[in-house]
Amino acid sequence: MANATIENVKKSFGDVEVLHGISCDIRDGEFIVILGPSGCGKSTLLRLIAGLEKITSGTIKIEERVVNDLEPADRDIAMVFQNYALYPHMTVFNNMAYGLKIRKMTKEEIRNRVHKAAEILELSELLNRKPRQLSGGQRQRVAMGRCIVREPKLFLFDEPLSNLDAKLRVQMRLEIRRLHQSLNITSIYVTHDQVEAMTLADRLIVMDKGFAGQIGTPLEVYEKPANKFVAGFIGSPAMNFFDAEMAGDGKSIRLSSGEGLQLSGEGVTETAEKTVTVGIRPEHFVICDENKAQIHLRTDLVEKLGADTLVHGYFKDNGDALTLRLNGIQHFDRNNLLPMWVAPENVHVFNQQSGDRLN
Ligand SMILES: Nc1ncnc2c1ncn2[C@@H]1O[C@H](COP(=O)(O)OP(=O)(O)O)[C@@H](O)[C@H]1O
Ligand SMILES: [Mg+2]
């Protein structure tokens, strides 16, 4: 177990800078997920921490020790990749033992560690099998076992589940979470899958084009996204965005439909802009009685998904398009006018140019 510090880390390939100064303090035993779209620099950041790439500037510390110039083997880390190649001709036991043999550990110590890891991963019965005699999930567990036996200070994962089918991915996600709860090894996990990120992370680093868009707990990132990028990336279906006018006192906004919404607390205290971007999540619209309605939705297409219903439509009349998510199966005709209400804390206001959060 260890804490780790990333301080203003930048990385360029040739004269192209792909990481523009990332900072994060990672606590002992914490599970950090680096989340972002393809190409935003997640793997690069992980590879810098692992020592597989050299940082251009900044500092990386593991347990207060600067590791910038240490070889990967000297950093006391273990890494699980998407393409975890097991040795096909070796048994599960030998696949897990191999790295320890290279480190010249005694036979007894190796046996102890492999059996302990096998027990945690429920592989004890399979130690004499070859990889081809295992299911995809079992192979994935052997790959993790190979890392666990090394008892590393830091566990690094780069999209380890993306080659598995959807059902197995859900199961392995739970296993990784359980594993972390029992071992408590500080972990950094890269994924582009927001559900994986939200369920695994103690804290998330949401990355956008080489910047850390926000660092926070899954709930913080969901409830108070720091900018429009993070707001739009987290949540499914994605948050609805539309332009609106700020009221003079900063405590309410007026939509293009002419209808208005209240903001919570102080509202927007400092902005020169009159026109702002407003974000509301599909699940935060509440259908209500006409006399309580703040806004109205003209219904268009309705998608019944079973557990919930998606309603697509427009603010009255011919205003911006939006999507609502309602629990359960609900029936609506096309071209219905639905009276709705949104809790003030669920109305997010962003600067139209920079995308930064204003409330
Ligand atoms: N070795 C490399 N040489 C040049 N460019 C690279 C190299 N590795 C990654 N990049 C570039 O850095 C950016 C970030 O890549 P990467 O960290 O792999 O993204 P992610 O893992 O988020 O999909 C991409 O634009 C990619 O093309
Ligand atoms: Mg990657």
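What you see is a predicted model, and the numbers here were worked out from it, not measured in a lab.

(A) Broad picture of the sheet that holds strand β19 (residues 337–341). The strand order across the open sheet formed by five strands is β15-β19-β16-β17-β18, and the pairing between neighbours is antiparallel. What marks the edges here is a single partner per strand, and that holds for β15 (286–287) and β18 (321–327). Where strand β16 (residues 295–304) and strand β17 (residues 308–315) come together, six bridges link them in antiparallel fashion. Directly across from Thr299, in β17, lies its bridge partner Gly313.

(B) Representation of the packing of aromatic side chains in the model. Enumeration over the complete set of coordinates arrives at eight aromatic pairs. A centroid spacing of 4.8 Å and a plane angle of 80° characterise the contact between Phe242 and Phe315, whose relative ring orientation is edge-to-face. Residue Phe242 is found in strand β11 (residues 240–246), and its partner Phe315 is found in strand β17; the two are separated by 73 residues along the sequence. The lysine or arginine in question, Lys228, covers the ring of Phe241, its NZ or CZ lying 4.9 Å from the ring centre.

(C) The arrangement of the sheet that holds strand β4 (residues 57–62) in detail. What the four strands build is an open sheet, ordered β2-β1-β4-β5; its pairing is antiparallel. Of all strands in the sheet, those bounded by a partner on one side alone are β2 (16–26) and β5 (65–66). Pairing analysis gives eight bridges linking strand β1 (residues 4–13) to β2, with the strands arranged antiparallel. Directly across from Ile6, in β2, lies its bridge partner Cys24.

(D) The domain arrangement of the protein chain, seen in detail. By the assigned domains, the protein chain splits into domain 1 (4–231) and domain 2 (238–350). The straight-line distance from the C-alpha centre of domain 1 to that of domain 2 is 39 Å. On the side of domain 2, eight residues touch domain 1, which itself brings seven residues to the contact. Taken together, the two surfaces of domain 1 and domain 2 that pack against each other cover about 650 Å², and 60% of this comes from carbon and sulfur. In terms of surface lost to domain 2, no three residues of domain 1 exceed Tyr222, Lys228 and Ala231, which account for 78% of the buried area on that side.

Calculation notes
Residues numbered from 1 in each chain as written. Chains lettered and ligands numbered in written order. Predicted model: local features only at pLDDT ≥ 70, side-chain atom pairs only at ≥ 80, totals over all residues. Heavy atoms only, no water. Pairing = 2+ DSSP bridges. Helix = DSSP H or I, 4+ residues; strand = E, 2+ residues; numbered from the N terminus. Phe/Tyr/Trp six-rings, centres within 6.5 Å; stacked < 30°, edge-to-face > 60°. Lys NZ or Arg CZ within 6 Å of the ring centre and 35° of its normal. Domains from an automatic or database assignment. Contact = heavy atoms within 4.5 Å. Buried area = accessible area lost by both parts, 1.4 Å probe.

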